[in-house]
Amino acid sequence: IGVEFMYMENLEEKNWIQQQFESTVLNRKISLDKEKRILNKLNEAVVFENFLHTRFVGQKRFSLEGGEATIAALDAMIYKASEAGAQEVIIGMAHRGRLNVLANIMGKTYEYIFSEFEGNMTPDLSMGDGDVKYHMGFTHQMDPGTGKSIYLKLMPNPSHLEAVNSVVEGFARAKADIAYNENYSQVFPVLIHGDAALAGQGVVYEVGQMANLDAYHTGGTIHFVINNQIGFTTDFTDGRSSTYCTGVGKVTDCPIFHVNGDDPEAVVYAVELASDFRNKFHKDVYVDMVCYRKYGHNEGDEPKYTQPTLYNLIAVHKNPREVYSEQLIQRGDISADLAREMEQQFKKMLQDRLDMVKQKAMPYTPQTAEKEWAALRRATPEDFHQSPETGVDRTQLEKILKALITIPEDIKPIQKVEKLLQERQTRFTENRLDWAMGELLSYGTLLLDGNDIRMSGQDDIRGTFSHRHAKIFDEATNRAYSNLSHIEEGKQGHFRIYNSLLSEYAVLGFEYGYSIAHPNGLSIWEAQFGDFANGAQVMIDQFIASGESKWNKMSGLVMLLPHGYEGQGPEHSSARPERFLDLAAENNIIVANCTTPANFFHMIRRQMTWPFRKPLVVMTPKSLLRHPKAVSTVDELTTGRFQEVIADPFATGKDVKRILFCSGKVYYDLLDKQQADQRKDVSIVRIEQLYPMPDKQIDAIRAKSPKAELVWIQEEPKNMGAWTYWLRRPEHNKFRLISRKASASPAVGFKKVHDQEQKELVDQAFELEPSTNTPKK
């Protein structure tokens, strides 16, 4: 066992580690009961793996063999967490050893696991498609020996290694915020890493940088590394440049313990000392357990193809249980007969489980959030035909407005902010609400309804385009004041908004984790530009779009993705709606592209009005934030609902020769042309919700002009945007397309070229003679 800590800058932390380690590591004493507990956990781990290996030959299980001391380590961590007063331990891990953890830590019954291996379980696909057994999550309630009950939660995860890390942290933060009144000592996050993934996956660094930030702090995380010195078939010499796989921990001044996995007492000592450090200083700490992997990446692999020398050594090496038993027998702490008896007792229990002798499940008391999730229902296709009423009383809006324009006397903002506060009042009085007002008022109404709101993203306090200003800052002291936190203090929900670190992958995962822990709160992530969501594609694909189907996990997460072609170039134009529409199926997500503040207002309110939760992906505007026509009246907020489709109020009926179906900002370009030329023969229909597609409403509009030519027009190139999704619907095969030409890049890089393209696009939309499907170059 060894510890790295001398690089740490905090003298108190450094002195504490030195004093604790040097005074205990060589003369640590362990009781007979503790020795037996460690041996018992090793016994469970080793015999469980051996039993699966002999009974279910060739089946994947991602064995823990060689790293069985993990089970003793987790057992010790949970005890330490409970001893320190934590109410729950939240664990994230990938595949290696997951079944063992489920059985011997989480309390998942053996017969359930065996039934999965036997294939005797009839899958229930009514709620989705499910997932493989080594991806699923589990929740358990236990007394680890402290006399106090503690909740254990193992988060579900995909095969994308380390992706679950930020989800665990977001979930832990939500539980601390909501269930424990922001007391982070009540939750104890544990992340179990593989050495190759820890060193190789960039999201590890992102999550590490989040650890001490106000927006993402969870009171410290134990990072436990099952270091089997190989990644699939790649030696560690090819897998990293750092001396140790835990090198990333030094970036944030975390202490790092390295310990031999064949010495379970040392492993337990290391995690106990790490737990004490975490509980005292509320910081992350790493434990690197150097061990080995007995078989290949999975049990069907042949590791000798690439590591013959290593696996010749492993083949004759005793497992950690045998090593420890011999050590205890040599010390005289236990007899050889007791060691054999413990092994035989556990093997008999496993056989009983396989023979379906009933295992008594531990009692479980649902937590408040779990009861709230249970009170919600699953969505049905009928839920998306028309949105629920979401209007609010004018008096409620006036109360929110008062908060939005009022700041304490001791807050002295810059002159531009004082003008902004005046404009908020003016816009309300003149009945011309812009996007910022529609957005802020929607949040305010949800807060007054008792809902919490959490929002994070790059620069989202002010807003990338300086429209939101959710906090006001004192010019001299930089003190921040959150107007929405002071609408009706003591009676409203919590409003939490943060500027994030410059990360998409980890931050989006954090907010997703937060959302699945808090059914009655609105979680929002905003990209600086919608284009940057591609940096978080793993989270979108593996968690947000498919989590409900795979793991039965509902989420109401909102993703705000600035989108619109304004000549800002390839990386500042498109939030790639086509990607979200490719992922859309079975009513799994909502994809929207609103054009009015009122519709955005109702859409945000709908998220918490529905008796279910769905992720919402919004192509939010840039230029429309201040467009003189992109305004709404107060009455549009006090009545009505979200409009999935907005028909043309100017051109309608049998005189219409062409219907232009569009979505988003291009509508206003088309509107300017239509009104300038007084064209009542061309109708412009806005599709505000692209998925689920509002078919009935679209059909009703088409029926009013049965002879009209049907056109889908979009700013995006032909191979992007909603066109290919639109075409996938058989009822849309009569549509033709007006768009930019198919392109490898989302947009041109020159404003002058963009403006010319946009003009040709709009002109072509109103040319009733047959023309090509793309604007002329």
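Refer to the structure presented above.
The residue numbering used here restarts from 1 in each chain and proceeds along that chain's sequence as written. Per-residue local features are limited, in this predicted model, to residues with pLDDT of at least 70; the limit for side-chain atom pairs, both in listing and counting, is 80 or more; totals at the level of whole chains, interfaces and linings are taken over all residues. Values reported for side chains reflect all heavy atoms of the structure, with hydrogen atoms and water molecules removed beforehand.

> How should I be thinking about the overall build of the protein chain in this particular structure?
Helix and strand labels come from DSSP, where a helix needs a run of H or I of at least four residues and a strand needs a run of E of at least two; each type is numbered from the N terminus. Scanning the protein chain for helices and strands turns up 27 helices and 24 strands. The dimensions of the protein chain, computed from C-alpha atoms along their principal axes, are 100 × 60 × 50 Å. Residues classed as buried in the protein chain amount to 59% of the 777 residues present. What makes two residues a contact is simply this: any of their non-hydrogen atoms within 4.5 Å. Pairs at least 24 apart in sequence give 81% of the contacts found in the protein chain among residues at least 6 apart. Accessible surface is estimated by sampling points in the Shrake-Rupley manner with a 1.4 Å probe; for residues, cover comes only from the protein chains shown. Just so you have it, the protein chain exposes about 31,400 Å², and 50% of that area is on carbon and sulfur atoms. We score Asp and Glu as negative and Lys and Arg as positive, and we do not count His or the chain ends. Here the site of a charge means NZ on Lys, CZ on Arg, CG on Asp, or CD on Glu. Positive and negative charge centroids in the protein chain, built from 91 and 104 side chains respectively, lie 4 Å apart. Categorising residues by exposure relies on relative accessible area from a 1.4 Å probe, with only protein chains included: less than 20% of the type maximum marks a residue as buried, more than 50% marks it as exposed, and the intermediate range marks it as partly exposed.

> Is there a simple way to explain the side chain of R496 in this structure?
For R496, the location among the structural elements is in strand β14 (residues 495-499). Judged by relative accessible area, R496 falls into the buried class, the value being 6%. A polar side-chain atom of R496 sits 3.1 Å from a polar atom in the side chain of E182. In this structure R496 touches D177, I178, E182, D452, I453, R454, M455 and Y514, once residues within four positions along its chain are discounted. Between N or O atoms, a polar contact is any pair within 3.5 Å; within protein, one atom must be a potential hydrogen donor and the other a potential acceptor, and residues adjacent in sequence are included only when both atoms are from side chains.

> How should I be thinking about the pattern of salt bridges in this particular structure?
Where side chains of opposite charge bring their charged atoms close, a pairing between them can arise. Salt bridge criterion: a side-chain nitrogen from Lys or Arg within 4 Å of a carboxyl oxygen from Asp or Glu. Tallying each qualifying case throughout the model produces 47 salt bridges. Residue K250 pairs with E4 through a salt bridge whose shortest N-O separation is 2.8 Å. Of this pair, K250 sits in the loop between α9 (236-239) and β9 (256-260) while E4 is found in strand β1 (residues 2-4), placing the two residues 246 residues apart along the sequence. Here R496 and D177 are joined by a salt bridge, their closest N and O atoms 3.8 Å apart.

> Whenever I open this one, the sheet that holds β9 confuses me. Can you help?
The pairing of strands in a sheet comes from backbone hydrogen bonds and takes either a parallel or an antiparallel form. A pair of strands is labelled paired if DSSP reports no fewer than 2 bridges between them. Reading across the sheet, the 8 strands line up as β1-β9-β10-β6-β5-β2-β4-β3 and stay open at both edges, with mixed pairing between neighbours. Strands with a single pairing partner mark the edges of an open sheet, and in this sheet they are β1 and β3 (138-142). Neighbour to neighbour, the strand axes of the sheet diverge by 20 degrees on average, direction disregarded. Examined bridge by bridge, strand β6 (residues 222-227) and strand β10 (residues 285-290) share 6 bridges and lie parallel to one another. When the sheet's bridge partners are listed, I222 is paired in β10 with V285. Lines are fitted to the C-alpha atoms to define the axes, a helix being fitted only along its stretch in contact, and any angle between axes, read from their N-to-C directions, falls within 0 to 180 degrees.

> In this structure, what is going on with the pairing of β10? I would like to understand it.
The side chains of a regular strand alternate between the sheet's two faces. Across the 6 residues of β10, 5 count as buried, placing the element largely inside the fold. A crossover counts as right-handed when, viewed with the strands pointing away from the observer, the path leading from the first strand over the helix to the second turns clockwise. Note that the unit made of β9, helix α10 (residues 264-281) and β10 has a crossover that is right-handed.

> Hey, could you run me through empty space enclosed by the protein in this one?
In this approach a probe as big as a water molecule rolls over the atoms, and the regions it shows empty are the leftover space. Think of a 1 Å grid over just the protein atoms. A cavity is a set of points where a 1.4 Å probe fits yet cannot get out, a pocket is an open set with protein on both sides within 12 Å along at least five of seven lines, and lining residues have an atom within 4 Å of a point. Grid points are joined across faces, edges and corners, and a volume is the space filled by probe spheres set on the points. Scanning the entire structure with this criterion turns up 7 cavities of 30 Å³ or more. In this structure, the largest cavity encloses a volume near 140 Å³. Lining the largest cavity are 20 residues, with H563, N593, S663, G664 and E716 sitting closest to its centre. Of all the secondary-structure elements, those providing two or more residues to the lining of the largest cavity are β18 (616-620) and β23 (709-717).

> Looking at this structure, I do not really get the state of the cysteines. What am I missing?
Linking two cysteines covalently through their sulfur atoms gives a disulfide. To count as a disulfide, a pair of cysteine sulfur atoms needs to be within 2.5 Å. Inspection of the entire model under this criterion finds 0 disulfides. Of all cysteine sulfurs, the one in C245 lies closest to C254, which takes part in no disulfide; the gap is 14 Å. A relative accessible area of 2% places C254 in the buried class. Between C291, a free cysteine, and C245, which holds the nearest cysteine sulfur, the sulfur-to-sulfur gap is 10 Å.

> What should I look at first to understand the packing of helix α8 (residues 202-210) against helix α18 (residues 505-517) in this one?
Two packed helices can be described by the angle between their axes and the distance between those axes. The geometry of α8 relative to α18 is characterised by a closest axis approach of 8 Å and an angle of 65 degrees between their N-to-C directions. Classed by the angle they form, the pair α8 and α18 counts as roughly perpendicular. Note on packing geometry: the crossing formed by α8 with α18 is right-handed. Contacts from V203, E206, V207 and M210 of α8 reach α18 at Y505, A506, V507 and F510. Any angle that falls under 35 degrees is termed roughly parallel, while one over 145 is termed roughly antiparallel, one within 65 to 115 roughly perpendicular, and all others oblique. Each helix crossing is assigned a hand: it is left-handed if the near helix lies turned anticlockwise from the far helix by less than a right angle, otherwise right-handed if that turn is clockwise.

> Whenever I open this one, the sheet that holds β14 confuses me. Can you help?
Sheet architecture is open: 7 strands sit in the order β14-β11-β15-β16-β18-β17-β22, paired in mixed fashion. The sheet is open, and its two borders are formed by β14 and β22 (689-691), each paired with just one other strand. Averaged over all neighbouring strand pairs, the angle between strand axes comes to 20 degrees, with direction disregarded. Alignment of strand β11 (residues 452-457) against β14, held across 5 bridges, turns out to be parallel. The residue of β14 that forms the bridge with R454 is R496. Where helix α17 (residues 435-448) meets the sheet, it contacts β11, β14, β15 (521-526) and β16 (558-562), and its direction lies at approximately 140 degrees from that of β11.

> Teacher, can you tell me more about the packing of helix α6 (residues 164-179) against α18 here?
Across the interface, α6 lies against α18 with an axial gap of 6 Å and an inter-helix angle of 45 degrees. The pairing of α6 with α18 is recorded here as oblique in orientation. For the element pair α6 and α18, the recorded crossing hand is right-handed. For the pair α6 and α18, contact is made by S166, V167, E169, G170, F171, R173, A174, K175, D177 and I178 and by Y505, A506, G509, F510, Y512, G513, Y514, I516 and A517, respectively. Within the contact of α6 with α18, the residues separate by chemical class into 11 nonpolar, 4 polar and 4 charged. Amino acid classes used here: Ala, Val, Leu, Ile, Met, Phe, Trp, Tyr, Cys and Pro are nonpolar; Asp, Glu, Lys and Arg are charged; the rest, including Gly, are polar.

> I tried to follow the layout of surface pockets on my own but got confused; where do I start?
If you add up the space inside the second largest pocket, you get close to 560 Å³. What lines the second largest pocket is a set of 28 residues, and nearest its centre among them are L420, S466, H467, H469 and R626. Those elements giving two or more residues to the lining of the second largest pocket turn out to be α16 (415-429), α17 and β12 (471-473). Partitioned by chemical class, the residues of the lining of the second largest pocket number 11 nonpolar, 5 polar and 12 charged.

> Help me out: how do you make sense of unusual backbone geometry in this one?
Comment: phi is negative for the bulk of residues other than glycine, and the bulk of peptide bonds are trans. Here the bond from Y691 into P692 is cis, since omega is -10 degrees, no more than 30 degrees from zero. Relative to the elements of secondary structure, P692 occurs in the loop between β22 and α25 (695-704). Unlike most non-glycine residues, E162 shows phi in positive territory, near 75 degrees. Along the chain, E162 falls in the loop between β4 (150-154) and α6. Here Q678, not a glycine, exhibits a phi torsion of approximately 55 degrees, which is positive.

> Looking at this model, I keep getting lost on the environment of I256. Mind explaining?
Mapped onto the elements of the fold, I256 is located in strand β9. The exposure class assigned to I256 is buried, which follows from its relative accessible area of 0%. Separated by 30 residues in the primary sequence, I256 and Y286 place their C-alpha atoms 4.7 Å from one another. Residues in contact with I256, not counting those within four places in the same chain, are G2, V3, E4, Y7, T246, G249, K250 and Y286.

> Sorry if this is basic, but what is going on with α10 here?
For the α-helix, the turn length of 3.6 residues means that residues three or four positions removed from each other point alike. Relative to the 26 Å expected for 18 residues at 1.5 Å per residue, α10 spans 26 Å between its end C-alpha atoms, a close match to the ideal helical length. Counting buried residues along α10, 15 of its 18 residues qualify, which places the element largely inside the surrounding structure. Positive backbone phi, at 55 degrees, marks H282, one or two positions downstream of α10. In this scheme, a helix's expected span is set at 1.5 Å multiplied by one less than its residue total.

It is worth stressing that arrangement in space is one thing and function is another; only the former is reported here.
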